[in-house]
Amino acid sequence: MRSYAAGRAALAVVQLAVLSVLVFVLTSLLPGDAADMRFDETLSPEQVSRLREQLGLDQPALERFLHWFSGVLTGDLGTSLISGGPVSEIVRDSVGATLVLTLATLAVVIPLAVALGILMGTRENGRLDRAITSVTLALSAIPDFVIAVVLVAVFSLKLGWLPATWIGGSLLTSPVLLVLPVTVLLGRTVCLLSRQVRAGTITALNADYVVQARRLGVPRRRLLLRHVLPNAAVPGVQELARTGDTLLGGVLVVEAIFAIPGFATALVDGVETRDIPTVQGLTLVLAVAALLINLGADLVCNRLVPRTELLR
Amino acid sequence: MRARIPLAISVVLVVVPLFIALFGPLISVDSNKAGLPYSADGVLGTDGLGRDVLGLLLVGGRTALGMAFGAVLIAYAVGGLIGLVAASTRHRWLDEVLIRPLDVLLPLPSLLVISVVAVGWQASAPAITLAVAMVNVPTVARLVRAAALDAASSPVVEALRMQRESWATIQLGYVGRAVIGPVAADIGTRITLAVFLVASVNFLGLGLSPTASDWAVSVSRNREGLLLQPWSVLAPAILLVSFTLGFNLLADRLVHHTRRLAVSPV
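Residues numbered from 1 in each chain as written. Chains lettered and ligands numbered in written order. Predicted model: local features only at pLDDT ≥ 70, side-chain atom pairs only at ≥ 80, totals over all residues.

Enquirer: How do you make sense of the overall build of chain A when you look at a structure like this?
Expert: Along its length, chain A carries 12 helices and 0 strands. Each helix and strand of chain A, ordered N terminal to C terminal, gives the series α-α-α-α-α-α-α-α-α-α-α-α. Out of the 312 residues in chain A, the part that is buried amounts to 39%. (Helix = DSSP H or I, 4+ residues; strand = E, 2+ residues; numbered from the N terminus. Buried ≥ 20, exposed ≤ 12 C-beta atoms within 10 Å, placed from the backbone.)

So, in structure tokens, the structure goes:
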């Protein structure tokens, strides 16, 4: 276990280094640099070149990377071209809403998906299993923005029960703001996850050790919780890490639709205004978060079922 | 076996949007003729810019589905080749060189990569298609490698090698064929995911221009008008959902089919 964790953590460090290079290269190779983007035709060529000097854009790419990277290591993500403030401030201001949104969704998704998955798995091919499978299969085929647009139209515009957009105030103090966004995010994640838990449950239920435990008269409740669930959870946890990607995509869309001032909104704003340092900073933070989630999922899987091989 | 939704329904769900995407542009009428916004003129009314919804619908499928298909095609051309070579090589270092870098790229959030690409090449369909493809390459390569590894280490390949069959005959003829089953099932879900991804990018306004006729862009642009003129949003949304739902059902059927083949006694 310990050597596995060490090996896996070492891989994460390598991934982190490669990712930061990648983020920088992807964003700096873009056609037209920040100086061009910031002032189109209103400045004379001399002014543009002075600005470029000021922003350090006239230096070679490697030097710029080293400057940026050494800043990143000390927590300095650079300066926004639009607001003029530090990028880390933008990150700090926007991370809260996204975190609340994601955690609230996970708090509903995980118990729901595990319960549904076990419910389906223990009744393989029964009527309930077939009904839930069909519904989840259909639900997982609907893009989240379609669900969002329809839900907003029905529950906010037509019935007026729930707010359609974020209207200020904290997400924590007025949880009613979270109802529609979380519902939208639930759809696909619950479907993907519960299917994995179902498959894991079925495999575990048919495994020799469970059959033997049942023969020995282990009570059903104990059998499910102690013997089936840990093994059934492995594909679920791995899927959860992969779902992180789907969930993040969903969060981007949901934040855009409900005008929640979170990470995604900041990122889309940065993209639209070509604020490269902001995009770099936000991208890096998100990539690190995704990395940590994957690392965590692998470690949890290894803890649950210690036979998991390193990579592959 | 459990009863599933009839095959015919899934096929119809896929074929209708596909047909519109393929042949719609040929029969479309002039869609730029502006009328009143959200009016009831025409079969399906007009959208927020006063354009005929039916006309937009006929041309909007090309980007919505075409970009996704293109992305999956490229992902398989690149990732599939990497996976096949990695699985069939007898040099362990080559396998490592090909697969390790992909391990590093795997956890990159896909929408993130695409939005970064979109900073530079906004509204460019080929650039978004390429970005969606690249996001899929690591998973495809690993899947193909895993599927091909069993076949590549079988006695059959050993025998073919001893008969001095060419690399292409062995890899494409035997190993490639063994991979088809899992790949076909994966393509089904991957195309759905690609449609999702392309649609989300376009919906967020990071992809095509906000006035494009694309189905996802239409849903995004007309969403305020949903109650005024529902078809401007519902029609493109229904076509998108119909396609992904149908493909999901077909892929699910295929997964069960291959799984049944795999467990059936030889």
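Enquirer: Mind showing me how you'd approach the overall build of chain B here?
Expert: Within chain B, the secondary structure is distributed over 9 helices and 0 strands. Going from N to C terminus, chain B has its helices and strands arranged as α-α-α-α-α-α-α-α-α. Relative to its 266 residues, chain B shows a buried fraction of 49%. The contacts of chain B with a sequence gap of at least 6 include a subset with a gap of at least 24, amounting to 71%. (Contact = placed C-beta atoms within 7 Å.)

Enquirer: In this structure, what is going on with the interface of chain B and chain A? I would like to understand it.
Expert: Often, the extent of an interface is quoted as the loss of accessible area upon association of its parts. With 34 residues of chain B at the contact, the number on the chain A side is 40 residues. Elements supplying a minimum of two residues to the side of chain B that touches chain A: α3 (92–105), α4 (110–120), α7 (167–203) and α9 (231–263) of chain B. Ranked by residue count, the leading element in the side of chain B that touches chain A is α9(B), at 9 residues. When its residues are assigned to classes, the side of chain B that touches chain A shows 23 nonpolar, 7 polar and 4 charged. (Nonpolar A, V, L, I, M, F, W, Y, C, P; charged D, E, K, R; others polar.)

Enquirer: Whenever I open this one, the UniProt feature "transmembrane region" (unreviewed entry) in chain A confuses me. Can you help?
Expert: Residue and element names in this part refer to chain A. With numbering matched to this structure, UniProt assigns "transmembrane region" (unreviewed entry) to residues 95–119, 131–155, 161–186, 247–268 and 280–301. Each end of residues 95–119 is marked by a C-alpha atom, and these two atoms are 35 Å apart; helix forms 100% of the span and strand 0%. Split by type, residues 247–268 is 82% helix and 0% strand. Its first and last C-alpha atoms lie 17 Å apart. (UniProt positions renumbered as here; feature names shortened; annotations may be inferred.)

Enquirer: What is the right way to read the UniProt feature "transmembrane region" (unreviewed entry) in chain B from this model?
Expert: All names here are of chain B. UniProt records the feature "transmembrane region" (unreviewed entry) for residues 7–27, 64–86, 187–208 and 228–251 in the present numbering. In the segment residues 64–86, helix accounts for 100% and strand for 0%; the C-alpha atoms at its two ends are 33 Å apart. The straight-line gap between the two end C-alpha atoms of residues 228–251 is 37 Å; of that span, 88% is helix and 0% is strand.

Enquirer: For this particular structure, what's the right way to read the packing of helix α2 (residues 53–88) of chain B against helix α5 (residues 125–152) of chain B?
Expert: For any two helices packed against each other, one specifies the crossing angle of their axes together with the interaxial distance. Residues and elements named next belong to chain B. With their axes 5 Å apart at the nearest point, α2 and α5 run at an angle of 35 degrees to one another. In the packing of α2 onto α5, the handedness of the crossing is right-handed. Tallied by class, residues from the contact of α2 with α5 come to 24 nonpolar, 8 polar and 2 charged. (Axes fitted to C-alpha atoms, helices over the stretch in contact; angles between N-to-C directions. Left-handed = near helix turned anticlockwise from the far one by under 90°.)

Enquirer: Hey, could you run me through the nonpolar core in this one?
Expert: A general feature of soluble globular proteins is that nonpolar side chains tend to end up buried together. All names here are of chain B. Within the largest apolar cluster, 152 residues are counted, with the highest numbers of intra-cluster contacts made by I114, V132, A194, V195, V198 and L240. At 17 residues, α2 tops the list of elements feeding residues into this core. Apart from residues no more than four positions distant in its own chain, V132 is found in contact with A71, I114, A194, L197 and V198. (Core = buried A, V, L, I, M, F, W, Y, C linked by C-beta atoms within 7 Å.)

Enquirer: Whenever I open this one, the packing of helix α6 (residues 155–162) of chain B against α7(B) confuses me. Can you help?
Expert: Residue and element names in this part refer to chain B. At a minimum axis distance of 11 Å, the contact between α6 and α7 shows a crossing angle of 155 degrees. Between α6 and α7, the crossing angle belongs to the class labelled roughly antiparallel. In this structure, α6 meets α7 at a crossing whose hand is right-handed. Each of V156, V157, L160 and R161 in α6 lies in contact with α7, whose residues at this interface are I170, Y174 and V175. Split into classes, the residues belonging to the contact of α6 with α7 amount to 6 nonpolar, no polar and 1 charged. (Parallel < 35°, antiparallel > 145°, perpendicular 65-115°, else oblique.)

Enquirer: What is the right way to read helix α9 (residues 208–215) of chain A from this model?
Expert: Working note: α-helix, 3.6 residues per turn, so residues spaced by three or four point in the same direction. Little of α9(A) is tucked away, with 0 of its 8 residues classed as buried. Backbone geometry just after α9(A) places A:G217 at a positive phi near 85 degrees.

Enquirer: Please clarify how the environment of B:L94 should be interpreted in this entry.
Expert: Looking at the element boundaries, B:L94 is found in helix α3. Placed 20 residues apart in sequence, B:L94 and B:I114 show a C-alpha to C-alpha distance of 29 Å.

Enquirer: Mind showing me how you'd approach helix α5 (residues 87–122) of chain A here?
Expert: Across its 36 residues, α5(A) extends 50 Å between first and last C-alpha, which sits within 8% of the 52 Å expected from 1.5 Å per residue. For α5(A), the principal kink sits at A:V95 and spans about 35 degrees. (Expected span 1.5 Å × (residues − 1). Bend = angle between axes of the 7 residues up to and from the residue.)

Enquirer: Even after reading the chapter, I still don't get the environment of A:A259, so can you show me in this structure?
Expert: All names here are of chain A. When you line up the elements, A259 lands in the loop between α10 (220–258) and α11 (263–272). Given 12 C-beta atoms within 10 Å, A259 falls into the exposed group. Note: C-alpha distance between A259 and T183 (76 residues apart in sequence) is 16 Å.

Enquirer: Got a minute to help me understand the confidence of the model for chain A in this structure?
Expert: Do not read the fine detail of predicted coordinates wherever pLDDT is low. All names here are of chain A. Of all residues in chain A, 76% attain a pLDDT of 70 or more, and the chain-wide mean is 73. α5 holds the highest mean pLDDT among the elements of chain A, 81, whereas helix α2 (residues 34–38) holds the lowest, 55. Predicted confidence for residues 308–312 stays below pLDDT 50, and this span has 6 contacts to residues more than four positions away or in other chains. (pLDDT = per-residue confidence, 0-100.)

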